[in-house]
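The chain contents come next:
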Amino acid sequence: MDGAQLLAYCLAKPGAWQDEPWEGDVVAKVGDKIFAFLGGDSVGLKCGRNRDEADELVHIYPDDVTASAYIGRYGWNSIRVGGAVPPDELRELVDQSYDAILSKLPKSKRPK
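Residues numbered from 1 in each chain as written. Predicted model: local features only at pLDDT ≥ 70, side-chain atom pairs only at ≥ 80, totals over all residues. Heavy atoms only, no water.

The name given to the protein in an unreviewed UniProt entry is MmcQ/YjbR family DNA-binding protein, and the organism recorded there is Nocardia xishanensis.

See below:
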């Protein structure tokens, strides 16, 4: 799976849309919240409710998964696309990140 395929997968989610809040940084949002940071050869995803949960993935794939800068303490990881994380698992991680962010949106901002 490459970056373009991953972006397409993210944008296929109900209510998902692409934004570029910072020059050159593409993100996928649902409502007004980011669920995936897409850039270069990595993707940033919400991988747990806290750092301890997100660290489980870091321990499994230490060469390809790291805590995200600035927001890592909130359970976000940066995952290398095309690395050791299998495409099916990467899609599952996108699904989990989307679901985690969607659940925090007010019902009025959730896709119908």
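Back to the text.
> Run through the overall build of the protein, naming residues and quoting values.
Broken down by element type, the protein carries three helices and six strands. Listed N to C, the secondary structure of the protein is α-β-β-β-β-α-β-β-α in terms of helices and strands. For 112 residues, the compact-globule estimate of 2.2 N^0.38 gives 13 Å, and the protein sits close to it at 13 Å. Overall, the C-alpha framework of the protein stretches about 40 × 30 × 30 Å when taken along its three principal axes. A sequence separation of at least 24 residues applies to 50% of the contacts in the protein between residues at least 6 apart. Here the protein has roughly 6400 Å² of accessible surface; of this, 52% comes from carbon and sulfur atoms. Measuring between centres, the 14 positive side-chain charges of the protein sit 11 Å from its 18 negative side-chain charges. (Helix = DSSP H or I, 4+ residues; strand = E, 2+ residues; numbered from the N terminus. Rg over C-alpha atoms; globule rule 2.2 N^0.38 Å. Contact = heavy atoms within 4.5 Å. Areas by Shrake-Rupley, 256 points an atom, 1.4 Å probe, with all protein chains shown as cover. Lys, Arg positive; Asp, Glu negative; His and termini not counted. Charge placed at Lys NZ, Arg CZ, Asp CG, Glu CD.)

> I'd like a description of the nonpolar core, backed by residues and values.
The biggest cluster of nonpolar side chains holds 29 residues, and the ones touching the most others in it are Phe35, Ala36, Leu38, Val43, Leu45 and Ile79. The element contributing the most residues to this core is helix H3 (residues 87–104), with six residues. Leaving out residues up to four positions away in the same chain, Ala36 has contacts with Cys10, Val26, Val27, Ala28, Val43, Gly44 and Leu45. (Core = buried A, V, L, I, M, F, W, Y, C linked by side-chain atoms within 4.5 Å. Buried < 20%, exposed > 50% of the residue type's maximum accessible area, 1.4 Å probe, protein only.)

> Can you tell me about the sheet that holds strand E6 (residues 76–80), naming the residues and giving the values?
Strand order across the open sheet formed by six strands is E1-E2-E3-E4-E6-E5, with antiparallel pairing between neighbours. Since the sheet does not close on itself, it has two edges, and those belong to strand E1 (16–22) and strand E5 (65–67), each with one partner. Between one strand axis and the next, the sheet turns through 30° on average, direction left out of account. Taken together, the three bridges between E5 and E6 define a ladder with antiparallel strand orientation. The partner of Thr66 across the bridge, within E6, is Ser78. Strands strand E2 (25–30), strand E3 (33–39), strand E4 (42–46) and E6 of the sheet are contacted by H3, whose axis makes an angle of about 45° with E4. (Pairing = 2+ DSSP bridges. Axes fitted to C-alpha atoms, helices over the stretch in contact; angles between N-to-C directions.)

> Provide a residue-level description of the state of the cysteines, including the pertinent values.
Tallied over the full model, the rule gives zero disulfides. Of the cysteine sulfurs around Cys10, a residue in no disulfide, the closest is that of Cys47, at 12 Å. Given a relative accessible area of 14%, Cys47 falls into the buried group. (Disulfide = S-S within 2.5 Å.)

> Give me the lowdown on the pattern of salt bridges, citing residues and values where you can.
Any two side chains of opposite charge can pair, on the condition that their charged atoms come close. Taken as a whole and assessed by the stated rule, the structure comprises seven salt bridges. A salt bridge links Asp64 to Arg80, with the nearest nitrogen and oxygen atoms 2.5 Å apart. Taken together, the positions of Asp64 in the loop between helix H2 (51–60) and E5 and Arg80 in strand E6 put the pair 16 residues apart, joining distant regions of the chain. According to the relative accessible area criterion, Asp64 is buried, its value standing at 8%. (Salt bridge = Lys/Arg side-chain N within 4 Å of Asp/Glu carboxyl O.)

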